[in-house]
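Commentary on secondary and tertiary structure
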Amino acid sequence: MRVPLIAGNWKMNKTPKEALELVNALKPLVQNAAAEVVVCPTFVALSDVLKAAEGSNIKVGAQNMYHQDSGAYTGEISPVFLKAMNVEFVILGHSERRQYFLESNEEINKKVASALKHGLKPILCVGETLEEREKGITFDVIGEQVKKCLADLQQYNLEDVVVAYEPVWAIGTGRTATKEDANEVIGFIRQQLKEVLGEKLSVNTRILYGGSVKSSNIRELMEMPEIDGALVGGASLDAAEFAKIAIY
Ligand code: PGA
């Protein structure tokens, strides 16, 4: 049984004060959500948001981390720090990190391993660009991302892995993949998971859709058999809108 998961990726938005206001506004609105609800503020707002979310059904995730535990890596954040703060989830390999910070599948693989090693639940993002979709190589790109990012993880508790399918052309563009397209690619990801993680985990792993998810399209997406939840960007910055998505 895969428990639905609705995660808000606040990206580089909201000061600590604004983040606190947002999570406080959200708490009463999502308290009856059947889905697991996660918010991912910036690093500097994590502490305030974690404190505010204590005792509520809102869980907290980070948006990135470095794979090393500590050391001379100026400007980076370690999974050890996140764990020490009681952060539960961490988004890894988001397309914006791949695009602007040139993260490779190999590097993301190291991050996934390190997150699992420290007991964080990775939300691994994969997705094709518009150019790749138009060239007809969506499945090749996604297959490679899944296999490389999840390689050699057998020693870890892989039940904690969450995958998010986020077609790059649908992120922040207002263009959502059709529910059929999203379901098809997510079904393909599940097949790939069978090869990398094995049959049981492929059935139990939650795979989310992300890319212009809003309260007006969440329900039809969630009706699809392969889609287990959503990773929400823009629409997660407004408490009322995100709450509508979380209780879809
Ligand atoms: P969006 O972003 O909902 O604003 O399209 C989704 C994401 O990047 O996770």
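Sequence order as written defines residue numbering, which begins from 1 separately in each chain. Since the coordinates come from a predicted model, pLDDT governs what is reported: local features require at least 70, and pairs of side-chain atoms require 80 or more to be given and counted, while whole-chain, interface and lining totals use all residues. With hydrogens and water set aside, each side-chain value is computed from the structure's full complement of heavy atoms.

Take the buried Ala, Val, Leu, Ile, Met, Phe, Trp, Tyr and Cys residues and link them wherever side-chain atoms come within 4.5 Å; each set so joined is a nonpolar core. Relative accessible area decides the class of each residue, using a 1.4 Å probe on protein chains only: under 20% of the type maximum gives buried, over 50% gives exposed, and in between gives partly exposed. Ile6, Leu150, Ile189 and Tyr209 are the most contacted members of the largest nonpolar core, which has 69 residues in total. Ranked by the residues each element gives to this core, the list is headed by helix α8 (residues 179–197), at 7 residues. One finds Leu5, Val38, Phe89 and Val162 within the second-largest nonpolar core, a separate group that totals 12 residues. Strands are runs of DSSP state E lasting at least two residues, helices are runs of H or I lasting at least four, and both sets are numbered from the N terminus onward.

Below, the discussion takes up helix α2 (residues 43–53). Listing the buried residues of α2 in full gives Ala45, Leu46, Val49, Leu50, Ala52 and Ala53. Buried residues in α2, looked at end-on, bunch into an arc of 160 degrees, giving them a common side. In α2, the exposed residues that point more than 90 degrees away from the buried face are Val44 and Lys51. Looking at the packing, one finds that the buried side of α2 touches α1 (16–30), β2 (36–40), β3 (58–62) and α3 (79–84). Of the residues flanking the end of α2, it is Gly55, one or two places downstream, whose phi is positive at about 80 degrees. Note that the arc is defined by the directions from the helix axis to the C-beta atoms. It only takes one pair of heavy atoms within 4.5 Å for two residues to be counted as in contact.

For salt bridges, the criterion is a side-chain nitrogen of Lys or Arg within 4 Å of an Asp or Glu carboxyl oxygen. Per the stated rule, a full pass over the model turns up 19 salt bridges. Here Lys59 ties to Glu36 by a salt bridge, and the two come within 2.8 Å at their closest N and O atoms. Here Lys59 is found in strand β3, whereas its partner Glu36 is found in strand β2, with 23 residues between them in sequence. Glu36 gets classed as buried once you look at its relative accessible area, which sits at 13%. One salt bridge in this structure joins Glu195 and Lys147, with 3.1 Å as the shortest N-O distance. Within this pair, whereas Glu195 is found in helix α8, its partner Lys147 is found in helix α7 (residues 138–149), the two being separated by 48 residues in sequence. Glu195 sits in the exposed class, given a relative accessible area of 55%. A cluster of three or more residues bridged by salt bridges with shared partners is formed by Glu36, Lys59, Glu88, Lys121 and Arg206.

Moving on: the site of the ligand. Throughout, near means a residue has at least one heavy atom within 4 Å of the molecule or strand. By nearness alone, 13 residues border the ligand, and Lys11, His94, Glu166, Gly172 and Ser212 come closest of all. Polar contact is defined as a pair of N or O atoms within 3.5 Å, subject to the rule that within protein one atom must be able to donate a hydrogen and the other to accept it, and that residues adjacent in sequence are counted only when both atoms are side-chain atoms. His94 places a polar side-chain atom, nitrogen or oxygen, 2.7 Å from an oxygen atom of the ligand. Contact distances for the ligand include 2.8 Å between an oxygen atom and a backbone N or O atom of Gly234. In short, Shrake-Rupley with a 1.4 Å probe defines the accessible areas, and a residue's cover is counted only from the protein chains shown. Protein burial of the ligand: of its 280 Å² of free accessible surface, 95% is covered by the chains. Residues are grouped as follows: nonpolar covers Ala, Val, Leu, Ile, Met, Phe, Trp, Tyr, Cys and Pro; charged covers Asp, Glu, Lys and Arg; every other residue, Gly included, is treated as polar. Of the residues belonging to the shell around the ligand, the class tally is 4 nonpolar, 7 polar and 2 charged.

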